[in-house]
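# Structural features, examined
Here is what each chain is made of, one letter per residue.
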Amino acid sequence: MIIEGIELFGGQLTEKLKIRGGVSLKGEVSIGGAKNAVLKLMAAALLAKGESKIYNVPELTDVQIMLRVIEGLGVKTKYDKVNKTVAIEATDITSITAKYELVSKMRASFIVLGALVSRCKEAIVALPGGCAIGERRVDFHIKGLEALGAKIKIENGYVHAKATKLHGADIYLDIPSVGATENLMLAAVMAEGATRIQNAAQEPEIVDLANFLNTMGADVSGAGTSEIVINGVKQEDLHPIEYATIPDRIEAGTYMAAFITTRGKGIIKNVMPSHLTFFNSKLIKMGANIKLLEPSVIEVSCKQRLSAVNIVTQPYPGFPTDLQSLAMAMLTTADGVSIITESLYENRFMQVPELRRMGADIHQERNHALVRGVKKLTGANLKASDLRAGASLIIAALMADGVSEIESLHHIDRGYENFEEKFRNIGADIVRYNDDIVEPKLLQEGKYNEASI
Ligand code: EPU
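What counts, and where the lines are drawn
Residues numbered from 1 in each chain as written. Predicted model: local features only at pLDDT ≥ 70, side-chain atom pairs only at ≥ 80, totals over all residues. Heavy atoms only, no water. Domains from an automatic or database assignment. Contact = heavy atoms within 4.5 Å. Buried area = accessible area lost by both parts, 1.4 Å probe. Salt bridge = Lys/Arg side-chain N within 4 Å of Asp/Glu carboxyl O. Polar contact = N/O pair within 3.5 Å; in protein donor to acceptor, adjacent residues only side chain to side chain. Helix = DSSP H or I, 4+ residues; strand = E, 2+ residues; numbered from the N terminus. Near = heavy atom within 4 Å. Areas by Shrake-Rupley, 256 points an atom, 1.4 Å probe, with all protein chains shown as cover. Nonpolar A, V, L, I, M, F, W, Y, C, P; charged D, E, K, R; others polar. Buried < 20%, exposed > 50% of the residue type's maximum accessible area, 1.4 Å probe, protein only. Pairing = 2+ DSSP bridges. Axes fitted to C-alpha atoms, helices over the stretch in contact; angles between N-to-C directions.

### Let's talk about the domain arrangement of the chain
Entries for the chain in the domain assignment read domain 1 (2–32 + 247–452) and domain 2 (35–244). Domain 1 and domain 2 are separated by 30 Å when their C-alpha centres are compared. The partner domain 2 presents 27 residues to the 31 residues of domain 1 that form the contact. Between domain 1 and domain 2 the total buried area reaches about 2,500 Å² when both faces are included, carbon and sulfur atoms providing 55% of it. Across the domain 1-domain 2 interface, the total number found is three salt bridges. Notably, a salt bridge pairs K84 with E417, separated by 2.8 Å at the nearest N-O pair. Summed over the shared surface of domain 1 and domain 2, the number is 11 residue pairs in polar contact (both at pLDDT 80 or more). At the level of elements, strand 2 (6–7) and helix 12 (387–399) are the ones that each hand at least two residues to the side of domain 1 that touches domain 2.

### Observations concerning the site of the ligand
The environment of the ligand is made up of 22 residues, and the closest members are K40, D139, S177, D322 and L344. K35 has a polar side-chain atom sitting 3.1 Å from an oxygen atom of the ligand. In this structure, R137 approaches the ligand through a main-chain N or O atom, which is 3.2 Å from a nitrogen atom. Taking 830 Å² as the accessible area of the ligand by itself, protein coverage stands at 88%. Put simply, the parts of the chain that give the shell around the ligand at least two residues each are helix 1 (35–44), helix 5 (139–147), helix 6 (178–188) and helix 12. When its residues are assigned to classes, the shell around the ligand shows eight nonpolar, five polar and nine charged.

### Observations concerning the pairing of strand 7 (residues 85–89)
Working note: regular strand, side chains alternate between the two faces of the sheet. Across the five residues of strand 7, four count as buried, placing the element largely inside the fold. Direction of pairing for strand 5 (residues 51–55) relative to strand 7: antiparallel, over a ladder of five bridges. Counted as the bridge partner of I54 is V86 from strand 7. Alignment of strand 6 (residues 76–80) against strand 7, held across five bridges, turns out to be antiparallel. Looking at the pairing, T77 lines up with I88 of strand 7.

### What to know about the sheet that holds strand 3 (residues 16–20)
If you trace the four strands from one edge of the open sheet to the other, you get 24-25-3-26, paired in mixed fashion. If you trace the sheet from one side to the other, it starts and ends with strand 24 (381–383) and strand 26 (429–433), each paired once. Strand-to-strand twist of the sheet, defined as the mean angle between neighbouring strand axes without regard to direction, takes the value 20 degrees. Strand direction decides the pairing type here: strand 3 and strand 26, joined by five bridges, are antiparallel. Of the residues in strand 26, the one forming a bridge with L17 is R432.

### With respect to helix 5
What helix 5 keeps buried is the set D139, F140, H141, I142, G144 and L145. Buried-residue contacts for helix 5 involve helix 4 (112–120), strand 10 (151–155), strand 11 (158–162), strand 12 (170–172) and helix 6. Just beyond helix 5, the residue with positive phi is G149, at close to 110 degrees.

### So, unusual backbone geometry
Cis geometry is adopted by the peptide bond preceding P317, which originates at Y316 and carries an omega value of 10 degrees. At S408, a position not held by glycine, the phi torsion is positive, near 65 degrees. Residue position: S408 is located in the loop between strand 25 (403–407) and helix 13 (410–413). Classification of S408 by relative accessible area gives buried; the value is 10%. Its identity as a non-glycine residue notwithstanding, N418 has a phi of 50 degrees, on the positive side. By secondary structure assignment, the location of N418 is in the loop between helix 13 and helix 14 (419–425).

Shown next, in the form of structure tokens:
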């Protein structure tokens, strides 16, 4: 698939998903590497001269975009689909510019700013702008870089950061921003002296980045707490490494939601249960059973109608905003009234109008949604507006009576690897199709599994 010159792993823009709901899902799913960790590790690989290898890299559109951003810096990259490995050969960086055409497609690529400032003492990176779920400013990233000694100019939609020398600083973040914490960690790796990031984000992806950097020769401590200290090292202290990223907690949460909400039973492998503590506690309150079988294997099941719960999204270790839309889909048919408060983004209820089209009873007022559980949802034509809203529509379609068709799958392909096959393997009646290719009769007859696509 090609979007404006970028070849992507995912399918065609015209592709749709057809789901016949009402099947209790059963079986096993294995979780891939964490998208939101791996994208940052790829940027971190730019700090050391030589070839670093990252394992457990999911085959996602966002990974592909990040590879293009890094290649744009004159750095060689290779993605090995079979072994799910990315190699980044960063001996030479020949460009310090990340263009708008790429950064606007995936705001996480803004992370190369910190890496370039660290390694080259200069970077020109497009400002990503807002996106479907909110304004998503980058002011903390910029202020933090200035505190480290970089001079910043914003010109023609680009951030131009330049420093003759970076020095350690005490930086306090107004909000524990994931991206700002990561950008500043990277920028501080080779700054002279100690940098202290206070009110730092505590997400597992931050800990993964710190572990990656320390394996490379950096000196980062406190990751996973609200204060991270980075003692500057020299370029020659850093060496290329091989590193396997953590499992994707949001992908794991998505399959947990699917098993539970269809009143099924499933085993989820390659998951870190400690990364999902808050989410799990809400699922248990809803009535789900969660059993730890092995340190990285859990079993989830549910036999009865779910119960309503209230949810407030918060930075880690609070309830993850990336699972809010999925929890909402689950609660649409729960017994009782749930109140969901989204406290991280201004506009992360994009799934609401679509869920209403399936019969959900949701009243939304700014960042609060009141969900009155109905007996059942019914299948409908649906459109994914962003990644997690799209995932919530899959969950809703799996629960619903009848057939749903979901379009704009490119959003979902950004963050879920091979998802229709994974869902099919646990019994879902789901097919990705393109009107031009698939015999419509096959779809009408519900012979999705035999469809030759
Ligand atoms: N914020 C500012 N100024 C800043 C930075 C952030 O006002 O300089 C605000 C944002 O506007 C937002 C809030 O702070 O309202 C939190 O933003 P944060 O910086 O923590 O988020 P992010 O780094 O842009 C990452 C994930 C998101 C996830 C959030 C929160 C990646 C690539 N993205 O975004 O994941 O929702 O943290 O956990 O790591 C997703 O995977 O679907 C996704 C959106």
